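Reading the structure
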Amino acid sequence: MRALEMQVNGDPVETAAPDHWTLLEVLRYRLGLTGSKQGCDKGDCGACTVLVDGKPVLSCLTLAAHAAGHEVCTIEGLAPAQLRRDGARLDPIQDAFDRCGALQCGFCQPGMMLSARALVRDEPNPSREQIRAALSGNLCRCTGYTQIVHAVETAIAESVGAPPPTAAWEPELAADRAARGASASVEEGA
Ligand code: FES
Ligand code: FES
């Protein structure tokens, strides 16, 4: 058993876990922070993404011992951090995902939003290609990614007081809605 001290979502945390435990296991099974998802558990899906010192890492591939002494941010920490900054209820990325309907089952969302948060912090005005590249390690089995990239671009536009890019996205969003409607009809008829 190894003693571990780290900052998690702004609070100092002391815990202990077996040497081989990953950061994901410590977050979920020692600290009860189940927002970080245990998807593939082998580095393929990105559902376990958290920020360590502001950088996105796959917590299922990171030994907890390697996070000791560092600052860890999970999805549970995004809204409280925003509250502390300016009193808003949600982080702008979370808020945009919510308003843009960028989710269905939600399993990918914690990792997706943390990857987007890290991107926007390092590159406040990323191109669409940079957004897609930053999210390329986060797999979503539900949305087809259209609303997700739209949400990130919306948050970025709003952060500089620009109008949200909804009109420019409308053809893609409409095609996406039609495709999902078609697949829903097939499932209903099955
Ligand atoms: S659970 Fe970590 S990458 Fe899938
Ligand atoms: S919303 Fe279901 S996996 Fe992305």
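Everything numeric in this text was worked out from a predicted model, so none of it was measured. (Residues numbered from 1 in each chain as written. Chains lettered and ligands numbered in written order. Predicted model: local features only at pLDDT ≥ 70, side-chain atom pairs only at ≥ 80, totals over all residues.)

With that out of the way, let us pick up the sheet that holds strand β1 (residues 2-8). The strands making up a sheet associate through backbone hydrogen bonding, with each pair oriented either parallel or antiparallel. The sheet built from five strands is open, its strands ordered β2-β1-β5-β3-β4 with mixed pairing. Both edges of this open sheet fall to β2 (11-17) and β4 (55-58), since each of them pairs with a single strand only. Direction aside, the axes of adjacent strands within the sheet are offset by 40° on average. Taken together, the two bridges between strand β3 (residues 49-52) and strand β5 (residues 71-73) define a ladder with antiparallel strand orientation. Residue pairing in the sheet places Leu 51 in a bridge with Cys 73 of β5. Docked against the sheet, helix α1 (residues 23-30) engages β1, β2 and β3, running at close to 100° with respect to β2. Helix α5 (residues 109-122) contacts β3 and β4 of the sheet and is inclined by roughly 35° relative to β3. (Pairing = 2+ DSSP bridges. Helix = DSSP H or I, 4+ residues; strand = E, 2+ residues; numbered from the N terminus. Axes fitted to C-alpha atoms, helices over the stretch in contact; angles between N-to-C directions. Contact = placed C-beta atoms within 7 Å.)

To continue, consider the domain arrangement of the chain. Domain annotation for the chain reports domain 1 (2-73) and domain 2 (89-189). Its C-alpha centre places domain 1 at a distance of 25 Å from the equivalent point of domain 2. Residue-level contacts link 14 residues of domain 1 with 11 residues of domain 2. Mapped by element, the contributors of at least two residues to the side of domain 1 that touches domain 2 are β3 and β4. Per-element accounting of the side of domain 1 that touches domain 2 gives the leading share, three residues, to β3. Split by residue class, the side of domain 1 that touches domain 2 holds six nonpolar, six polar and two charged. (Domains from an automatic or database assignment. Nonpolar A, V, L, I, M, F, W, Y, C, P; charged D, E, K, R; others polar.)

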